[in-house]
Amino acid sequence: AQRVTQPEKLLSVFKGAPVELKCNYSYSGSPELFWYVQYSRQRLQLLLRHISRESIKGFTADLNKGETSFHLKKPFAQEEDSAMYYCALRAKAGNMLTFGGGTRLMVKP
Amino acid sequence: DAGVTQSPTHLIKTRGQQVTLRCSPKSGHDTVSWYQQALGQGPQFIFQYYEEEERQRGNFPDRFSGHQFPNYSSELNVNALLLGDSALYLCASSLADSHYGYTFGSGTRLTVV
């Protein structure tokens, strides 16, 4: 079975502070990991994929297979980063995505 | 490209009734997945359709069924509605076996009274 856990329901930081949204997963194989973001009154959208090792809007995430984690990080938070963030996993390309419960990030001015 | 479109946006049904939700995938996508998102929770996988067949299914009862048409659009049907079926239903499209993630629609908000 595959499972994704986001331990924090809410994360509140000040503008300019570093941000780390935690994601832990359980899966016996080599999964694909994703971060999705949902801004206020917008649809869920892909933020980044571990397979592409990219940085989007200043966010990065490194897959740590030893700790089974895929934490999302940004060195300096901006107010426009305030949103719901969901970590997701799938066993292989084309398979279903399993989502975590989400973390609400609030960036205060 | 309108992306993934879902209809209706909102729906109110009575317990015991049946409901049909509709989804048109993003242009070029051939796979449609349906998710249920209860308030304050992450999306839960219902099932996925590819080549007009159910390819994967999550832990949902048989009251939840679906269909995919030759133009790749899809329907989600829920029979014998329960109060607990009240949720946001999300449709997501993708290209089969692609390493890219899903493209999501805005969802249908179903309220069962």
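Residues numbered from 1 in each chain as written. Chains lettered and ligands numbered in written order. Predicted model: local features only at pLDDT ≥ 70, side-chain atom pairs only at ≥ 80, totals over all residues. Heavy atoms only, no water.

1. Observations regarding the state of the cysteines
Here a disulfide denotes one covalent bond, and it connects the sulfur atoms of two cysteines.
Point 1. For the structure shown, the criterion picks out two disulfides over all chains.
Point 2. Bridging Cys23(A) to Cys87(A), the disulfide has an S-S length of 2.0 Å. Looking down the S-S bond of the Cys23(A) and Cys87(A) bridge, the torsion is -65 degrees, so its handedness is left-handed. Remark: Cys87(A) occurs in strand β9 (residues 83-90) and Cys23(A) occurs in the loop between β3 (19-21) and β4 (24-26); sequence separation between them is 64 residues. Cys87(A) shares its class with Cys23(A); the two are buried.
Point 3. Here Cys23(B) engages in a disulfide with Cys91(B); their sulfurs sit 1.8 Å apart. Between Cys23(B) and Cys91(B), the S-S dihedral sits near -60 degrees, and the bridge is therefore left-handed. Note that Cys23(B) is positioned in strand β3 (residues 19-24) and Cys91(B) in strand β9 (residues 87-94), a separation of 68 residues in sequence.
Point 4. Accessibility expressed as a relative area gives 0% for Cys91(B), which makes it buried. (Disulfide = S-S within 2.5 Å. Helix = DSSP H or I, 4+ residues; strand = E, 2+ residues; numbered from the N terminus. Buried < 20%, exposed > 50% of the residue type's maximum accessible area, 1.4 Å probe, protein only.)

2. Considering the environment of Glu67(A)
Residue and element names in this part refer to chain A.
Point 1. The topology assignment puts Glu 67 in the loop between β7 (60-61) and β8 (72-74).
Point 2. Its relative accessible area of 53% is what places Glu 67 among the exposed residues.
Point 3. Separated by 43 residues in sequence, Glu 67 and Asn 24 place their C-alpha atoms 7.9 Å apart.

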